[in-house]
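Spelled out from the first residue to the last, the chains are:
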Amino acid sequence: MSVTVSQRLIQTNSIIANQAYTSDKTFAVMDPATDKCVANVSSVDTRGIELALESAQLAFEQLKAMNSQARSDLLMRWYQLVIANSEALAELMTLEQGKPLAEAKGEVAYGAEFIRWFAEEAKRSYGQNIPSNNQHQRLSTIKQPIGVVLGITPWNFPIAMVTRKVAPAIAAGCSFILKPSELTPLSALALAHLAIEAGFPSGAFNVVLTQDAPSVVEQLLSDERVKKVTFTGSTQIGKILLAQAAASVKRTSMELGGNAPFIVFESAMLSKAITGLVASKFRNAGQTCVATNRVLVAESIYSTFIAQLLPEVAKLKVGSGFDPMHQVGPLITASAKQRLIESVEQAIIQGGTFLLGQAEFERAKEQTDNFFPVVVLGGITPQMAIYHQELFGPVVLLSTFEDERQALTMANETDYGLAAYFYSENINQIQRVSERLDFGMVGINEGLISNPIAPFGGVKQSGIGREGGQIGLDEYLQVKYLCLNIT
Ligand code: ADP
């Protein structure tokens, strides 16, 4: 790995009003593959937060006054700089997050596409002319930016989760204060650094670093200047933020947890289903909110399915993301590993069985690193705790069903409603099942569905709002109705 390239983009201070904001208090960013410190970054203090708010408010006035072509050009320059630095950004991401370098490169490209898409959409925030229902009035709407936006992002996609919030905000004319995950702040800082290089006005994109998210976020959220909070993370934290946002009736977008079912119907093309499953389950070591969590297989094809699945899963190699031999990197922290170990052990106690990975699992339990082996468990039922947990790891859970009705009941038996997948070659079944799955996104004969040009988001306790696509811009706009008396 060419560390020299990554070093150029390693920033270690909060970025406030386009300047590095230093403080004495620091925290370490760790490489999850080696447990070594990658960098020490400074924690923002109360004064820094106030400066971030002030500069974001000033930048909002400036961005709002800018014409949409100018905002579009700004974003396009940012996009070009992200692309020009994609190798270095990918290396930095693998260093602090652990995912295989090939995946990190994929994420940089994916993340950059959000910037390009919203650079284009910046010019299309159309209002409406409403045909009047009377002689004396003319009715219309315009869309205007909401104001200062607070974004809180997780560690699993350190670049894409940032660009898919910041790019539409800037496109709409909002300024942004980002509180990235304390586990992966370096990618966010590198992005902000490139945004400044692209010519972002001072305060348009601030990044505040902290290990104490609750108090920093509370200070930001209780401030009247912040008009919106956009969050990607767990449902548990999302509920806290919704309650805090309620105090001053702020707009909210919430991308929360998932518990994706992956249904394999009798007519499915098994090779295609297995390719889709492996992609959906093991990307980012299973640490994605749209990762397959529960595999539901028609009883009639269960044994054939297992016979074809296990050799494919067994091919996956776990290890450092910098070694191209490895398809599965480490889990993010030791506590994430411990949580998953406990979930698997409990599943076995409750009647689940190892179909793959038992010896490796036993070994991994003894080791102090963050690597978790690929594991396949059979005999999983909705009565088991694991069926309802968001695993966030490389563990496949297999259950069976008798008919379509049971498959749908089992799939929908969750508080979450983010992504669902199913495989079927029966056209009528495809239509029926698509309509009856209580999820915001459905992959039909497809395991990888995320796309910057399509709306991403959930129903039920998986969230509020959509990111990406045409609708993604509306999250940062408010509609104003104009009524003109022409007499
Ligand atoms: P995950 O389980 O994916 O780590 P979390 O919901 O814990 O997701 O964290 C996502 C983001 O929310 C991170 O940036 C984290 O620092 C932040 N966060 C965690 N707890 C709080 C809190 N009480 N208030 C505000 N932000 C928080």
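The rules we used
Residues numbered from 1 in each chain as written. Predicted model: local features only at pLDDT ≥ 70, side-chain atom pairs only at ≥ 80, totals over all residues. Heavy atoms only, no water. Near = heavy atom within 4 Å. Polar contact = N/O pair within 3.5 Å; in protein donor to acceptor, adjacent residues only side chain to side chain. Areas by Shrake-Rupley, 256 points an atom, 1.4 Å probe, with all protein chains shown as cover. Helix = DSSP H or I, 4+ residues; strand = E, 2+ residues; numbered from the N terminus. Buried < 20%, exposed > 50% of the residue type's maximum accessible area, 1.4 Å probe, protein only. Pairing = 2+ DSSP bridges. Axes fitted to C-alpha atoms, helices over the stretch in contact; angles between N-to-C directions.

A. Representation of the site of the ligand. Taken together, 16 residues lie near the ligand, and Thr 153, Trp 155, Lys 179, Glu 182 and Ser 234 sit nearest. Here Thr 153 contributes a backbone N or O atom positioned 2.8 Å from an oxygen atom of the ligand. Within the side chain of Trp 155, one N or O atom sits 2.9 Å away from an oxygen atom of the ligand. Bound to the protein, the ligand loses 79% of the 560 Å² it would expose on its own. At the level of elements, helix 8 (213–221), strand 10 (226–232) and helix 9 (235–246) are the ones that each hand at least two residues to the shell around the ligand. Top element by residues in the shell around the ligand is helix 8. It accounts for three residues.

B. Expanded view of the environment of Asn 67. For Asn 67, the location among the structural elements is in the loop between helix 2 (46–65) and helix 3 (68–84). Note on Asn 67: relative accessible area 46%, which makes it partly exposed. The spatial distance from the C-alpha of Asn 67 to the C-alpha of Lys 123 is 8.9 Å, given a sequence separation of 56 residues. Among the polar contacts made by the side chain of Asn 67, one reaches the main-chain amide nitrogen of Ala 70 at a distance of 2.8 Å.

C. Summary view of the environment of Ala 190. Along the polypeptide, Ala 190 turns up in helix 7 (residues 185–197). Here the alpha-carbon distance between Ala 190 and Lys 123, two residues 67 residues apart in the chain, equals 27 Å.

D. Just the sheet that holds strand 20 (residues 477–485), in detail. Spatial ordering of the open sheet is given by 5-6-20, a layout of three strands whose pairing is antiparallel. The strands lining the two open edges of the sheet, one partner per strand, are strand 5 (128–130) and strand 20. When the angles between neighbouring strand axes are averaged without regard to direction, this sheet yields 20°. Note that strand 5 and strand 6 (residues 137–145) share three bridges and pair antiparallel. If you follow Asn 129 over to strand 6, its bridge partner there is Ser 140.

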